[in-house]
Amino acid sequence: MSENGQKAIELPASITVRDLAKTINTSPIDILKILMSNGVIANINQLVDFDTAAIVASEMGFEAKMETPEEVVLPDVGEIPLWRRVIAEEATADLIARAPVVTILGHVDHGKTTLLDAIRHTDVAAGEAGGITQHIGAYQVEHNGKPITFLDTPGHAAFTAMRARGAQGADIVVLVVAADDGVMPQTREAINHAKAAKVPILVALNKIDKANADPDRVKHQLSEVGLVSDEWGGDTIVVPLSAKQKKGIDDLLEAILLVAETMEICANPSGKTIGAVIEAEMDKARGAIATLLVQNGTLEVGDVVLVGTSLGRLKAMFDFRGRRLRKAGPATPVSVMGLNDVPSAGDQFEVVASEKDARVIATERRQSKEKAAATPKTAFTLEQLYSRVQSGEDKELRLVVKADVQGSLEPIMSSLKDLSSDDIRINILHAETGNIGENDIMLAAASQAIVIGFSVQADTGARRLAETEGVSIRLYDIIYRMIEDIELALKGMFEPELRETAIGHAEVRAIFKISKVGNIAGCRVSDGEIHRNAHMKVLRGGQELFKGEISSLKRLQESANEVRAGFECGIGLRGFNDFAVGDILECYVLQKV
């Protein structure tokens, strides 16, 4: 109680009329009446600010106080690499320049592996099935006495998967584009994944030795997707080369070092030892083998390494040529033996003081992982957008847009960009035609984005991954509905739709008349479950007779919260008595979508 005898309640900075009514345990109609008497015309779903809500609460006998906001933990969307966060805590005097880490991306068969082969002077491409990269490797080369580390990834999906796991593996992306083929769908996808990760892009214009090569056409295509060549006044370095003939390789390496110099890539060799897992496998003879990229500190044989829930004392360490090493400094890729289990690519590793400490942390992580697995990830949705903007948590809405045809995609893109304002910017990470696939979900997961589809479907694998990763997918058939929903979300007026989801069915076998209660349906649950706090439809001959709330649910004369398939029960419905033998009762819940 407050000093003036009114009940004290806490209210947020803004609240809907419906939620205010629930908070002070009254009817929304009463709230609306008070608002009208104070000159405010509102509806049940409208947001009112704290001052207005406090006036209403006061008239209902409550004293309102502003809710103390919980500390907001900003989500790590992978934009700040782990090595940058660790180095920020290190002594500046101990920092030294380290080798840049480079990922090579591009369309299939544009020459990614052949380029890496030319750089390393080793024959990798010839030994791979169909000339397509089958694994993730890491290699280091020297140019003019300066080292460069290359990650040979199978594509942008692996690059983004690492980022989604928190490992920003690469400092620079080299985008390989064939001069005879140009910008292809996978090229655009790779560009969007690199841009979402905020990693500098350098273009390797490959296959210039071919008779049908047209570098100017490709540069024009690149400019259309936002990569304007430095020759044309842009800031993207485009290096013409022929990986097959090993021409232009030195120019590419020089360009990489030039970009790296402007980025101030540094590390502390004597600081905390951390890094990322590039790949891992279980070898029958040697146990778990992991390829690690050291990002800060120095990794040594005998160190106790903790990665995810895997741990172990390093027994041996090898460089990418298979030579034994005693220690490895920043930006060095190494294969290690000694872990008790196979870690996942993209996981972070760190050196800890002892195996005992490592086991304690690994056990805590395992328990947290099991707890998290039992609780589905909550997707970032349009419903949450406005509150996140108001709290300063987000200043942009990131979208992955898929449409059925190019003719639909262009007006959608144009309309969405028009919705951007000073308060919140719409950032379209990727826009393409075709169904929603797993790559789209992975990009959205790594960037905390929403996937929007127009006249397309989400693949089964994509839906499953979206559920696991907590990614919101919204599908539309009408463009203006899509734009309207996003516009309302930006203004904080978006209300989710309620969808009925059937969870069980029961067949009426008998009817019992109980005085002062009415008719009770004696039923057998045919499938799913009947929940006491759910809703119910009465279906007769396929026609819906009634829908409403369950007033009673009993099993063997005892009240029950739920009854499963195969069991009998008695069901009473609030406001319905006209049961007939053979009726089907459909139990459903209302879900926000």
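Everything that follows concerns the structure shown earlier in this document.
Let me begin by describing the structure that accompanies this report. No experiment lies behind these values; they were computed from the predicted model shown.

1. Observations regarding the side chain of R474
Looking at the element boundaries, R474 is found in strand β25 (residues 473–476). Judged by relative accessible area, R474 falls into the buried class, the value being 12%. Within the local environment of R474, its side chain forms a polar contact with the side chain of Y476, the two groups lying 2.9 Å apart.

2. Digging into the sheet that holds strand β22 (residues 396–403)
One open sheet holds the four strands; their spatial order is β23-β22-β24-β25, and the pairing between them is parallel. Each having just a single partner strand, β23 (425–433) and β25 make up the two edges of the open sheet. Here the strands of the sheet are splayed against their neighbours by 20 degrees on average, with no regard to which way each runs. Relative to β23, β22 is paired through eight bridges, and the arrangement is parallel. Note that in β23 the partner of R398 across the bridge is N427. On the sheet, helix α15 (residues 479–490) packs against β22, β23, β24 (450–454) and β25 and is oriented at approximately 155 degrees with respect to β24.

3. So, the side chain of S229
When you line up the elements, S229 lands in the loop between α8 (215–224) and β11 (238–240). Only 3.1 Å separates the side chain of S229 from the backbone nitrogen of E231, close enough to count as a polar contact. Residue contacts for S229: discarding those within four places in its chain leaves K219, G234, T236 and V238.

4. Focus: the nonpolar core
Membership of the largest hydrophobic core comes to 29 residues, with the highest contact counts inside it found for L115, I119, F150, L252 and I256. Ranked by residue count, the leading element in this core is helix α9 (residues 249–263), at nine residues. The residues touching L115, leaving out its near neighbours within four places in the chain, are I104, V174, V176, A204, L241, A243, I249 and L252.

5. Brief notes about the pairing of strand β13 (residues 274–283)
Sheet analysis places β13 next to strand β21 (residues 348–352), joined by three bridges and oriented antiparallel. From the neighbouring strand, A276 faces β21, where its bridge partner is Q348. Sheet analysis places β13 next to strand β14 (residues 287–296), joined by nine bridges and oriented antiparallel. Residue I274 lies in a different strand from β14, and its bridge partner there is N296. Between the antiparallel neighbours β13 and β14 lie three residues.

About the criteria used
Residues numbered from 1 in each chain as written. Predicted model: local features only at pLDDT ≥ 70, side-chain atom pairs only at ≥ 80, totals over all residues. Heavy atoms only, no water. Helix = DSSP H or I, 4+ residues; strand = E, 2+ residues; numbered from the N terminus. Buried < 20%, exposed > 50% of the residue type's maximum accessible area, 1.4 Å probe, protein only. Polar contact = N/O pair within 3.5 Å; in protein donor to acceptor, adjacent residues only side chain to side chain. Pairing = 2+ DSSP bridges. Axes fitted to C-alpha atoms, helices over the stretch in contact; angles between N-to-C directions. Contact = heavy atoms within 4.5 Å. Core = buried A, V, L, I, M, F, W, Y, C linked by side-chain atoms within 4.5 Å.

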